[in-house]
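Inside the fold
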Amino acid sequence: MLIEDPDDPRVADYRAVGRARGDGPFLCEGRLLVRRLLTGSRYRVRSILATAPVLEDLRDVLGPTPPPVFVASSAMIRSIFGFNFHRGCLALGERPERPTSPESVLEPGPRVVVGLDEVTDPDNVGAIFRNAAAFGAGGVLLSAGCADPLYRKAIRVSMGGTLSTPFARTEWGAALAALRRAGYMLVALSPDPRAEAIGAVAERLASRRLALIVGAEGAGLGELTRETADLHVRIPMAPGVDSLNVATACGIALHRLAGSGIMGDGLP
């Protein structure tokens, strides 16, 4: 279906979602993420908006009954969307009708999951999901104040990790309680010098079901997490350096705690 007017009602959802966060359809930008939405995603595709050359490149993943496809020039897409990140291709995905529960993420029981305690920056949320996918974490639980994993920027930074990794955003006390009931050991990542060095505990945690919990930049872990955690661990750093970006720290910790299962022969 050809689009020649930026006010065409058939693409009204694209105009709205480009400026919105939260409920409703979510947006994927660029052919890589649209491919992942079509082929490796947990979500139904509502529609695709693309230039003719990009659409031709996606033919192999559209299938026999593709979603509605709208064709427009790059300039027209930019006029509709209002941003210039699209690279000639956008798609809308459908959110689940009901909120996902913590229990649905924790069953049938991945060995390692990640907990996000009030991580409000979508770049950090996206990067943490990318780390979770890279090191085989089976799911992510987010407190209610965390950035939306299906916000377009979080999806882009995650390289599609938020499309494939199960997650639930819920009241944090309920998330911690669900982890307890499912038999997870709560491991809080902290810069506190009193916390145990992660390298010293990684081997003894190798057979445990672990929930690695990280906090926001600046504020760090909330009081409930600090009080509830079974273990506080830190990443040793050079003198004079007190912390790492939360996504970087999470990636390092996942490498130590989950990476041996991915790499087979253990960590380098």
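Higher on the page you've got the structure.
A short tour of the structure in this document, coming up. (Residues numbered from 1 in each chain as written. Predicted model: local features only at pLDDT ≥ 70, side-chain atom pairs only at ≥ 80, totals over all residues. Heavy atoms only, no water.)

This brings us to a nonpolar patch on the surface. Together, M237, V241, L244 and I252 line one region of the surface with nonpolar side chains, adding up to about 280 Å² of accessible area. Looking at the secondary structure, you find I252 in helix α13 (residues 246-257). (Patch = residues over 30% accessible without salt bridge, like charges linked within 9 Å, V, L, I, M, F, W, Y side chains within 5 Å. Areas by Shrake-Rupley, 256 points an atom, 1.4 Å probe, with all protein chains shown as cover. Salt bridge = Lys/Arg side-chain N within 4 Å of Asp/Glu carboxyl O. Helix = DSSP H or I, 4+ residues; strand = E, 2+ residues; numbered from the N terminus.)

Our focus in this paragraph is the pattern of salt bridges. Here the structure, examined in full by the defined rule, presents 15 salt bridges. Between R156 and E29 there is a salt bridge, with its nearest N and O atoms 3.0 Å apart. Note that R156 is positioned in helix α8 (residues 152-157) and E29 in strand β1 (residues 26-29), a separation of 127 residues in sequence. Classification of R156 as partly exposed rests on a relative accessible area of 22%. Accessibility expressed as a relative area gives 3% for E29, which makes it buried. The partner of R204 in a salt bridge is E196, with the nearest N and O atoms 3.1 Å apart. E196 gets classed as partly exposed once you look at its relative accessible area, which sits at 32%. (Buried < 20%, exposed > 50% of the residue type's maximum accessible area, 1.4 Å probe, protein only.)

On to the packing of aromatic side chains, then. Counted by the stated rule, this structure contains two aromatic pairs. The interplanar angle of 80° and the centroid separation of 5.2 Å between the aromatic rings of F26 and Y43 together place this pair among those described as edge-to-face. A residue pair is termed long-range when its members are at least 10 positions apart, and F26 in strand β1 and Y43 in the loop between α2 (31-39) and β2 (45-50) qualify at 17 residues. (Phe/Tyr/Trp six-rings, centres within 6.5 Å; stacked < 30°, edge-to-face > 60°.)

Let us now look at the environment of S47. Inspection of the secondary structure puts S47 in strand β2. Taking the C-alpha atoms as reference points, S47 and P68, 21 residues apart in sequence, are found 4.8 Å from one another. Leaving out residues up to four positions away in the same chain, S47 has contacts with Y14, P67, P68, F70, A91 and L92. Engagement of the side chain of S47 in a polar contact is seen with the side chain of Y14, the distance being 2.8 Å. (Contact = heavy atoms within 4.5 Å. Polar contact = N/O pair within 3.5 Å; in protein donor to acceptor, adjacent residues only side chain to side chain.)

As a further point, take the sheet that holds strand β3 (residues 69-71). Read across the open sheet, the four strands follow the order β1-β4-β2-β3; overall the sheet is mixed. The sheet terminates laterally at β1 and β3, the two strands that pair on one side only. If you compare each strand with its neighbour and ignore which way they point, the axes differ by 20° on average. Inspection of the sheet shows β1 paired to strand β4 (residues 89-93) by four bridges, in the antiparallel sense. By the bridge assignment for β4, F26 is matched with G93. Across the sheet, α2 is in contact with β1, β2 and β4; its angle to β4 comes to roughly 35°. (Pairing = 2+ DSSP bridges. Axes fitted to C-alpha atoms, helices over the stretch in contact; angles between N-to-C directions.)

Time to look at helix α5 (residues 74-81). Along an α-helix, residues three or four positions apart point the same way, because every turn accommodates 3.6 residues. Buried within α5 are the following residues: M76, I77, I80 and F81. Angularly, the buried residues of α5 cover 120° about the axis, an arc narrow enough to put them on a single face. Contact partners of the buried residues in α5: α1 (12-17), β1, β2, β4 and α8. Remark: G82 follows α5 within two positions and exhibits a positive phi of approximately 90°. (Arc of directions from axis to C-beta.)

Across the junction of E107 and P108, the peptide omega takes the value 10°, indicating a cis bond. Topologically, P108 is positioned in the loop between α6 (102-106) and β5 (112-117). Its identity as a non-glycine residue notwithstanding, E118 has a phi of 60°, on the positive side. Along the chain, E118 turns up in the loop between β5 and α7 (122-134). You can call E118 partly exposed: its relative accessible area is 36%.

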